[in-house]
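Spelled out from the first residue to the last, the chains are:
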2 protein chains.
Amino acid sequence: MQLLGIDALDRLIDELSRLPGIGRKTAQRLAIFVLKSESQYAENLAEAIYNLKKETQLCDKCFNIAEGSLCSICLDTHRDPSKICVVEDIVDIFAIEASNEYKGLYHVLGGVISPLAGVMAENLHLNELIDRVKNENIAEVLMALNPSTEGEATMIYISKLLSGLNLKVTRIASGVPIGSHLEYVDTVTIGRAISSRREL
Amino acid sequence: MQLLGIDALDRLIDELSRLPGIGRKTAQRLAIFVLKSESQYAENLAEAIYNLKKETQLCDKCFNIAEGSLCSICLDTHRDPSKICVVEDIVDIFAIEASNEYKGLYHVLGGVISPLAGVMAENLHLNELIDRVKNENIAEVLMALNPSTEGEATMIYISKLLSGLNLKVTRIASGVPIGSHLEYVDTVTIGRAISSRREL
């Protein structure tokens, strides 16, 4: 829809609409916010977008965000290089790092196997994972994919790929979230929490 | 939260978080999308943001978006210059224009009176509205503010300001949305639809 025939506005709405989770109406609202904000903000935002692409790249080894050819995690000598945590997306690394519970390396798959969405095993960074496991003396691969149908299937697929390579393959636990009330938790999660129960 | 210590990423997340309705997690996801997209997209988006501020401004008369000192609606000689439709925000003009039902001019208030949010009458473009009504030979002011508590209060406030100025002051109808089912419509809306009933 051409809005009032203002090209600059239509163009920004088009570009914003391509962002994930941003529909046309939200893009309109964001564009109008930019329009009404101080010039400084628009300049800062434009520059930040431009600089992110200019100053960063994906890590050659694990596909995390990096300022050079390797990311800060791969370069960190205080981390355990014998552990690889496999995640779907870079944002998952942020979530895991925030928990302060894991001190190994990562490997970003770039998605999960999802034939309906046209994502097959060869579209993911799986060969690179196998190469790392073979060449880097890895003792454990911890799979931390989202517990969706596709995530579960991908974890099974990866565990088959890794079988026979003489290493521990683990996955993060599924269960009742901390702080939740059982009566509000969905039945699949409760079922999983019970079948995965452990001794105290 | 410093994420992996990548300045360019943190800066973009900071700037994106300032957009309305974009929280920190969404900003992270958008920034990662920009990071993973082709360079061309980031450049296009940055340029579109920058150009919007460079090529547009607010209309001197009605505070709509404009490419010059007046917006395309104020400049359009085919529109009825004796009618002013008062709206809260520029996006509301888009919504009304899309309905193709109104062919007069507009006046963007820039908000509604909301003491809790610190927005008082003097923060809105109300004086400019009164000036227009007095100087432009206006026959009707149609108030199209959102039917919230603040919107209703602001409409009452404006109608008092305009009383005695010898013009028709109207407001858009509230009632049951077209295509809705009565059983799913909230009680306040149904009550309003009944008290505003009209003869057939």
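Quantities reported herein were computed from a predicted structural model and do not represent experimental measurements. (Residues numbered from 1 in each chain as written. Chains lettered and ligands numbered in written order. Predicted model: local features only at pLDDT ≥ 70, side-chain atom pairs only at ≥ 80, totals over all residues. Heavy atoms only, no water.)

**A word on the relation of the copies chain A and chain B**
Logical step 1: At an RMSD of 0.1 Å, chain A and chain B line up after a rotation of 179° and a shift of 0.0 Å along the axis. Expressed as an axis order, the relation between the two copies is that of a two-fold axis. Within chain A, Ala46(A) has its C-alpha nearest the rotation axis, a separation of 2.0 Å.
Logical step 2: The fraction of interface residues of chain A whose copies in chain B are also interface residues reaches 100%, indicating that both copies meet through the same surface. (Least-squares fit on C-alpha atoms with pLDDT ≥ 70 in both. Contact = heavy atoms within 4.5 Å.)

**A look at helix H3 (residues 39-55) of chain A**
Logical step 1: A rise of 1.5 Å per residue sets the reference length of H3(A), with its 17 residues, at 24 Å; its end C-alpha atoms lie 24 Å apart and thus fit the reference within 8%.
Logical step 2: Among the residues making up H3(A), those that are buried are Tyr41(A), Ala42(A), Asn44(A), Leu45(A), Ala46(A), Ala48(A), Ile49(A), Asn51(A), Leu52(A) and Lys53(A).
Logical step 3: On its buried face, H3(A) is in contact with helix H2 (24-36) and strand S2 (65-66) of chain A together with helix H1 (7-17), helix H2 (24-36) and helix H3 (39-55) of chain B. (Helix = DSSP H or I, 4+ residues; strand = E, 2+ residues; numbered from the N terminus. Expected span 1.5 Å × (residues − 1). Buried < 20%, exposed > 50% of the residue type's maximum accessible area, 1.4 Å probe, protein only.)

**Quick notes on empty space enclosed by the protein**
Logical step 1: According to the stated counting rule, one finds one cavity of 30 Å³ or more in the structure shown.
Logical step 2: Residue lining of the largest cavity: Leu16(A), Leu19(A), Leu30(A), Val34(A), Leu45(A), Ile49(A), Leu16(B), Leu19(B), Leu30(B), Leu45(B) and Ile49(B), and that is the complete set.
Logical step 3: Among the residues forming the lining of the largest cavity, the class breakdown is 11 nonpolar, no polar and no charged. (1 Å grid on protein atoms, 1.4 Å probe; cavity = no way out; pocket = protein on both sides within 12 Å on 5 of 7 lines; lining within 4 Å. Points joined across faces, edges and corners; volume = space filled by probe spheres on them. Nonpolar A, V, L, I, M, F, W, Y, C, P; charged D, E, K, R; others polar.)

**Describing the packing of helix H6 (residues 126-135) of chain B against helix H7 (residues 149-162) of chain B**
Residues and elements named next belong to chain B.
Logical step 1: Relative orientation of the contacting elements H6 and H7 amounts to 40°, with a least axis distance of 11 Å. If you check the angle between H6 and H7, you find them oblique. In this structure, the crossing between H6 and H7 has a hand that is right-handed. The residues of H7 that touch H6, namely those facing Leu 126, Leu 129, Ile 130 and Val 133, are Tyr 157, Ile 158, Leu 161 and Leu 162.
Logical step 2: The class makeup of the residues in the contact of H6 with H7 is eight nonpolar, no polar and no charged. (Axes fitted to C-alpha atoms, helices over the stretch in contact; angles between N-to-C directions. Parallel < 35°, antiparallel > 145°, perpendicular 65-115°, else oblique. Left-handed = near helix turned anticlockwise from the far one by under 90°.)

**Focus on the interface of chain A and chain B**
Logical step 1: Listed as interface residues are 57 residues of chain A and, on the opposing side, 57 residues of chain B.
Logical step 2: Of the roughly 5400 Å² buried at the junction of chain A and chain B (both faces included), carbon and sulfur atoms supply 74%.
Logical step 3: Put simply, chain A and chain B have six salt bridges between them.
Logical step 4: Note that Lys36(B) and Asp89(A) form a salt bridge whose closest N and O atoms lie 2.8 Å from each other. (Buried area = accessible area lost by both parts, 1.4 Å probe. Salt bridge = Lys/Arg side-chain N within 4 Å of Asp/Glu carboxyl O.)

**Things to note about the domain arrangement of chain A**
Accessible area lost when the parts come together is the quantity often used to give the size of an interface.
Logical step 1: As far as domains go, chain A holds domain 1 (7-55) and domain 2 (78-171).
Logical step 2: For domain 1 of chain A versus domain 2 of chain A, the separation of C-alpha centres amounts to 34 Å. (Domains from an automatic or database assignment.)

**Digging into the nonpolar core**
Logical step 1: Ranked by size, the top nonpolar core spans 84 residues in total, and within it Leu9(A), Leu12(A), Ile49(A), Leu9(B), Leu12(B) and Ile49(B) carry the most contacts.
Logical step 2: When near neighbours in sequence (up to four residues on either side) are disregarded, Ile49(B) contacts Leu12(A), Val34(A), Ala42(A), Leu45(A), Ala46(A) and Ile49(A). (Core = buried A, V, L, I, M, F, W, Y, C linked by side-chain atoms within 4.5 Å.)

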